[in-house]
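Spelled out from the first residue to the last, the chains are:
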Amino acid sequence: MTQKILIVTHSGDLHADLLTPILAAKGGAWFRIDLDTFPRDYELIQSFQPDGCRGEIRHLPSGASIDVAGIGAVWARKPGEFAYRSADLGPQELAYAKMESEQALFGLLYGLDCHWVSHPLAMRSAMWKGEQLQRAQRLGFRIPTTLITNSAAQVRQFRAQLPEQMIFKAMSTPTLAAEEVAAADCVAEGLTTTLIDDDMMESIDAVAELPCQFQQYVAKQYELRVTVIGRRVFAARIHSQDDSRTAVDCRDMSAPIRYTPTLLPPQIERRCLELVASYGLNYSALDLIVTPDNEYVFLENNPAGQFLFIEQLIPEFNLLETLADQLLQEAACSTR
C-alpha cells in the first residue's frame, strides 16, 4: 500500500499550498486537514476491537479520505481554530465542543507510529524561551545575558550592571496576542525588540503585572536564520545593519535588506543540529547573531518557524523541495 503524507494545518497556509504541487510532481500522495474547517467539513472514525483499532478521516466536500494505517509521514504545520456546523453554540457548548474535538483528533493522530515534521508534543517542549537559553548554553552556545522577572527592582539592578544597553523582547509572540482577540478589543498590534531608555524605565514598575524578558543588547555584524530540515542546514545571512529599521530587530520586512546564503563554521552547524535533535524535532528555524568580533550568539529556536520568506529571498535553498523529499522518503520507508 502506498503510504500517504498527512498535512495538518489551516486553510490559509501558503506553505502547504505550495508544497502539495511539489509532492504531486514527485508522485507523492497526501491528505490535508485544515483545522479551521474541522470537524465541520470532516468525518472522523476511530474504532477499537479485540483485534486492534482502526481509524479513518474523510473530507466531506471532496470525498477524499485517508486510512490512518496508510499514513507514512505527518507534517504538523500550523494550528487553527475549530469550526462547527451549528452557528449558535453557546459559550459552554463551544468550549466543550473544542475539548472533545481535540480529544478525538489528537487522540487519533498522536497514536501514529510514523515520521513527524515535527511531533506536536516535541514542538511544544521546544517552545519555551527560558529553557531554550539553558539548553543552548549547555551545548556550548554563547547566549545574551538575560533576566526574566516581574520584579522592577531586579530590572533596575540588571540594567545598572549591564555594560551595554538593555532590550525588552516578548517571549511568546511579538504580536502581543493581537490575533487572539476581536478587532474591537485589540489595543496594540505588536511590539518588536525594544531598546529600553531612561523614559521607559520611569514606568518599569508595570512589570509587576507579569514576568517579562530583558536582555543585554548584543552588537551585531549581521544576523542568521538557520533552517534545519532533517540533517540538512540552510544558513541565511541577514544584513540587518544595512537599514536603521532592522538594526535592532530584523523582522521588519518593509526594509529591503539583503539575505544571502552562507556557511556556518562546523562547530556552530553541529550545535544547531544537536539542539534541534535534542528536542526530537525534524524541522526547526534558529535565530543567531554574529557580533563584530565574529562571535556566534544564540537567540532562540522556532520549532514551527516560517521558512517561505527565506525560500523567496534565497531561491537556491530549495527549502520546499527539500522538505517534500524528506516527507516522501520517510513515507516510503515507513513500516507501519
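Before reading on, note that the structure itself is shown above.
Residues numbered from 1 in each chain as written. Predicted model: local features only at pLDDT ≥ 70, side-chain atom pairs only at ≥ 80, totals over all residues. Heavy atoms only, no water.

Chemist: Mind showing me how you'd approach the overall build of the chain here?
Modeler: Across its full length, the chain carries 9 helices and 16 strands. At 22 Å, the chain has a C-alpha radius of gyration in line with the 20 Å of a compact globule built from 336 residues. For the chain, the proportion of its 336 residues judged to be buried stands at 47%. Once local pairs closer than 6 in sequence are excluded, the contacts in the chain between residues at least 24 apart make up 66%. (Helix = DSSP H or I, 4+ residues; strand = E, 2+ residues; numbered from the N terminus. Rg over C-alpha atoms; globule rule 2.2 N^0.38 Å. Buried < 20%, exposed > 50% of the residue type's maximum accessible area, 1.4 Å probe, protein only. Contact = heavy atoms within 4.5 Å.)

Chemist: How should I be thinking about the sheet that holds strand β12 (residues 222-229) in this particular structure?
Modeler: In any sheet, the strands associate via hydrogen bonds between backbone groups, in a parallel or an antiparallel arrangement. As summarised here, the arrangement of the 5 strands in space is β14-β13-β12-β15-β16, forming an open sheet in which the pairing is antiparallel. Of all the strands in the sheet, the pair left with one neighbour each is β14 (259-262) and β16 (296-302). Averaged over neighbouring strand pairs, the angle between their axes works out to 25 degrees when direction is ignored. One ladder, built from 8 bridges, connects β12 with strand β15 (residues 283-290); its direction is antiparallel. Counted as the bridge partner of L224 is L288 from β15. This element, helix α7 (residues 266-278), spans β12, β13 (232-238), β15 and β16 of the sheet and lies at about 140 degrees to β15. Sitting on the sheet, helix α9 (residues 319-333) touches β12 and β13, and the angle it makes with β12 is about 25 degrees. (Pairing = 2+ DSSP bridges. Axes fitted to C-alpha atoms, helices over the stretch in contact; angles between N-to-C directions.)

Chemist: I'm lost on the pairing of strand β11 (residues 212-216) in this one. Help?
Modeler: Successive side chains on a regular strand alternate, one facing one side of the sheet and the next facing the other. Where burial is concerned, most of β11 is hidden: 5 out of the 5 residues are buried. Side chains of β11 alternate between two faces, with C212, F214 and Q216 and Q213 and Q215 buried alike. Examined bridge by bridge, strand β8 (residues 146-149) and β11 share 4 bridges and lie antiparallel to one another. Bridge pairing links I148 to Q213 in β11.

Chemist: Would you mind going over the sheet that holds strand β3 (residues 42-49) with me for this structure?
Modeler: What the 3 strands build is an open sheet, ordered β3-β4-β5; its pairing is antiparallel. Strands at the two margins of the open sheet, each flanked by one partner only, are β3 and β5 (65-67). The average angle at which neighbouring strand axes cross in this sheet is 10 degrees, direction not considered. As paired strands, β3 and strand β4 (residues 52-59) are joined by 8 bridges and run antiparallel to one another. Across the sheet, Q49 pairs through a bridge with G52, a residue of β4.

Chemist: Would you explain a negative patch on the surface in this entry?
Modeler: Negative charge collects at one region of the surface, where E81, E102, E179 and E180 lie side by side. Within the secondary structure, E180 sits in the loop between β9 (166-168) and β10 (194-195). E180 gets classed as exposed once you look at its relative accessible area, which sits at 59%. (Patch = residues over 30% accessible without salt bridge, like charges linked within 9 Å, V, L, I, M, F, W, Y side chains within 5 Å. Areas by Shrake-Rupley, 256 points an atom, 1.4 Å probe, with all protein chains shown as cover. Salt bridge = Lys/Arg side-chain N within 4 Å of Asp/Glu carboxyl O. Lys, Arg positive; Asp, Glu negative; His and termini not counted. Charge placed at Lys NZ, Arg CZ, Asp CG, Glu CD.)

Chemist: Which parts of the structure should I look at to understand the nonpolar core?
Modeler: Soluble globular proteins: nonpolar side chains tend toward being buried together. Counting residues in each nonpolar core, the largest one holds 48 residues, and the members touching the most others are I33, I57, L105, L109, V226 and L286. Leave out the neighbours within four places in its chain, and L286 touches L224, R225, V226, V228, C272, L275, V276, F298, E300 and N301. Listed in part, the 30 residues of the second largest apolar core include V117, C250, L327 and L328. (Core = buried A, V, L, I, M, F, W, Y, C linked by side-chain atoms within 4.5 Å.)

Chemist: Would you mind going over the pairing of β15 with me for this structure?
Modeler: Judged by how many residues are buried, β15 sits mostly within the fold: 8 of 8 residues are covered. Along β15, one buried face is formed by Y283, A285, D287 and I289 and the opposite face, lined by S284, L286, L288 and V290, is buried too. As paired elements, β15 and β16 share 6 bridges and run antiparallel to each other. Paired with A285 across the bridge in β16 is N302. Between β15 and the antiparallel strand that follows it, β16, lie 5 residues; N294 among them carries a positive phi value of about 65 degrees.

Chemist: Sorry if this is basic, but what is going on with the packing of aromatic side chains here?
Modeler: When we look at a pair of aromatic rings, we describe it by the centre distance and by the angle of the planes. Across all of its chains, the model carries 10 aromatic pairs by this definition. By the ring-pair criterion, three or more aromatic residues cluster together here, those being F31, F38, Y42 and F82. A cation sits over an aromatic face here: R237 above Y222, 4.0 Å from the ring centre. (Phe/Tyr/Trp six-rings, centres within 6.5 Å; stacked < 30°, edge-to-face > 60°. Lys NZ or Arg CZ within 6 Å of the ring centre and 35° of its normal.)

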